[in-house]
Amino acid sequence: MLIRTRLLLLGLATLALPWAGCQYAREMEASLRAAESEGLRAVAQTIATSLQGRSDLLYRSTGGQGSRAPAGPFDLEPVPLSPEPQLDGRDDDWPRVQRAWRTYGTVPRAAPEPALREVEPVAVLAGTAGRFLFVLLRVRDTGLVLDASDASALDPAAMGDRIWLGFATPRGELDQVFLSGWTTGDLRGRRIVTREFGRAEMADEPRVQGAWVRSPEGWTAELRIPLSMIADRFGVLVDDRARRGGEPRPMGSLAPGDLAPRGRLIAAAPELTSYLTQFAQPGVRIVAASPAGATLAEADALPLIAANSGAQALLSRLYRRFLDRAALAERITETERGRIDRIQAESAAAGRSSSAVFATSDERRMVVAAAAPIRESATGPVLGVLQVAQTADRWLLLRDRALTRLLNLTLLATLLVVGLIAVFGTRLAIRLERLRRASDAALTRDGRVHSAFPDVASKDELGAVARGFSALLERLDGYTSYLRTLAGKLAHEIRTPLTIVRSSLENLGTEPLSAPAREYLQRAREGSDRLGQILQAMGSATRVEEAIEGAEFVDCDLAAVLTGAAHGYSQAFPARRFAVVGAETACPIHAAPDLLLQMLDKLVDNAVDFSPVDSTITFRLVVPADSAQVAVEVDNVGPRLPPGSASRIFESLWQARVDRGDKPHFGLGLYIVRLIARRHGGWAEAEDLPDNSGVRFRVWLRRVVAQM
């Protein structure tokens, strides 16, 4: 793995800062939520204690005592209505409170679940607003049957569908009112009054009003009755007729015979709302409910939270996706909120206080709710339930603002650190790359050492490494320079002693010697001659280097040089054949012809040494298209290159063959070839022939070389 990548991965470790910020925000939120819940539970308990034993303040009339019992199948629990619904026979301005509905069939009974309204013909929902009781009826029927006329409401043959209301009056009497009509729209209440001689007449009851309309499943009606007319018992009965004047099918909560109400009206006392209002504060909702969970009265409502700015709301939602969802408030819909209210009411009805924290589905409002039981006495039965709900918008905004600011700062710091590490890593990688390139170029093809290294002036560790390499290469360059001049120095120093030895041997040869002494003298002369050849070769190598550096370049034809050289070699080495390939056309080049011939001499000398007698040595001129380089190749049949020698064969004093007795070999020929190639802006290389029958030497030359 690259150092830059490792540094970037190390920089990503700073993401632990936002994670730690999220953990801190979660702990802070949990603490605030717990404190808010405990505080609101204490408020609910305080208000519930103030209502302890006040059944007259909770429930209307004498129903307070009986309201402690669970709601029966015929009891109606009105819901608070705000504002008052318009009497138009439609239900679009009624709250969607499923648990408050009561459904009835032909045999009056109540359905425990709202879903059973799908199979019960009559569904009833009651509500209170101010001084009035409102009743909403949904009747599943084949159609609404109207009276023949308004004046024929008592004629059995002209009767259609009608609605009966039965209730107990504040004086303890039972009373009935019916509503019917010969058109859809407004309804008015009427009574049946018995006159003298048993004559029945209709009497208007203007205090009872209503309206009915047809619906896809039957018809719907809205009714309004003053609460001052009703005590604690109330019921509704629908006389459903399949046709005008037909036999009625009674459905509802009144006894079919005497129209007596079978259920209670569990409604709040008129003073309860004003009593709760004195505890109300902005952002707080206080609800008093029956033990069954039916709302009796409420004060205020939860306000809508002020909208955040688009960017802040988006960031808040985005950041919350990275928090631990188990530690956050549960997101719920309005339907699920009713379920939580019901669960809290059931817990309070059992005598236990509770609290809950939840968020709306759009996460724009946090609500804390608490419920406490209202008892008849300190240890008595439960009269009702008090629920207090408060928006946590204030600390929700503070929390979101702090969370957003914290995460913005930590993420910005992370990006800054990662960016700085990326810049530092890139710069470090560039410096290391420069050092690598300098180390690769420290030793040239011809064995020369370049000791110049980048960043030697830097004060850091890389600068120290560069300075160490530079000093090492300087010492190595001095040593190689000494080796390059060693041959010339040795040749110069040994030449004089060798001359003395030779003259001494010549003088000794003039003296009378025995046969064995003559043999030893001959061996000494041969050794001195060979030593002289060695000194001559060592001296010539030094002179060649000097001659190469001072050679004069002229414009010449490389093809002609190769052709002429091959002709001369064929005469000098009659035991070999020489061929030229690719020199049919002229190849102008700016070079030193003498050096080119000397280079060919070394290559041919090497080829002759390794090739068998009567073999062919091939010269080949290679001119690549659109290239500033040309190549001279020399192929000879013979042994392959020794393993691993292709890169070392052109080094000075390197050899892999045994000297011939008459001609010593020092490994300088191919070294001189590389020097000449380098002087012409090229290089030398060697490889085995494709068919492994011999070796090919290739020398690249630049066609245009600046004149010295």
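Residues numbered from 1 in each chain as written. Predicted model: local features only at pLDDT ≥ 70, side-chain atom pairs only at ≥ 80, totals over all residues. Heavy atoms only, no water.

Asks: Sorry if this is basic, but what is going on with the pattern of salt bridges here?
Replies: Pairs may arise between side chains of opposite charge once their charged atoms sit close together. With the rule as written, the count across this model stands at 28 salt bridges. Across the salt bridge formed by D240 and R249, the nearest N and O atoms sit 3.0 Å from each other. Between R434 and D455 there is a salt bridge, and its shortest N-O distance comes to 3.0 Å. Of the two residues, R434 is situated in helix 8 (residues 393–440) and D455 in the loop between helix 8 and helix 9 (461–509); the sequence distance between them amounts to 21 residues. (Salt bridge = Lys/Arg side-chain N within 4 Å of Asp/Glu carboxyl O. Helix = DSSP H or I, 4+ residues; strand = E, 2+ residues; numbered from the N terminus.)

Asks: Which parts of the structure should I look at to understand helix 13 (residues 669–679)?
Replies: Of all the 11 residues making up helix 13, nine are buried; the element is thus mostly covered by neighbouring parts of the structure. For helix 13, the set of buried residues is L670, Y671, I672, V673, R674, L675, I676, A677 and R679. Remark: G681 follows helix 13 within two positions and exhibits a positive phi of approximately 75°. (Buried < 20%, exposed > 50% of the residue type's maximum accessible area, 1.4 Å probe, protein only.)

Asks: What should I look at first to understand the side chain of R191 in this one?
Replies: Inspection of the secondary structure assignment puts R191 in strand 7 (residues 185–194). A distance of 2.3 Å separates the side chain of R191 from the side chain of D175, its partner in a polar contact. Polar contacts involving the side chain of R191 include one to the side chain of E205, which spans 2.7 Å. (Polar contact = N/O pair within 3.5 Å; in protein donor to acceptor, adjacent residues only side chain to side chain.)

Asks: It is not clear to me how the state of the cysteines should be interpreted in this structure. Could you clarify?
Replies: Here a disulfide denotes a covalent bond joining the sulfur atom of one cysteine to the sulfur atom of another. Under the counting rule described, the total for this entry stands at zero disulfides. Just so you know, C556 is unpaired, no disulfide at all, and the nearest cysteine sulfur is the one on C587, 9.0 Å from it. The exposure class of C556 is buried, given its relative accessible area of 15%. Using a relative accessible area of 2% as the deciding quantity, one classes C587 as buried. (Disulfide = S-S within 2.5 Å.)

Asks: So what exactly am I meant to see when it comes to the sheet that holds strand 22 (residues 629–637) here?
Replies: The strands making up a sheet associate through hydrogen bonds between their backbones, and the pairing can be parallel or antiparallel. Taken in spatial order, the five strands of this open sheet run 19-21-22-24-23, and their pairing is mixed. The sheet is open, and its two borders are formed by strand 19 (577–581) and strand 23 (683–688), each paired with just one other strand. On average, each strand axis in the sheet is inclined to that of its neighbour by 15°, with strand direction left out of account. With five bridges connecting them, strand 21 (residues 616–622) and strand 22 associate as antiparallel partners. When the bridges of strand 22 are listed, F619 appears paired with V634. Across the sheet, helix 13 is in contact with strand 23 and strand 24 (694–702); its angle to strand 24 comes to roughly 25°. (Pairing = 2+ DSSP bridges. Axes fitted to C-alpha atoms, helices over the stretch in contact; angles between N-to-C directions. Contact = heavy atoms within 4.5 Å.)

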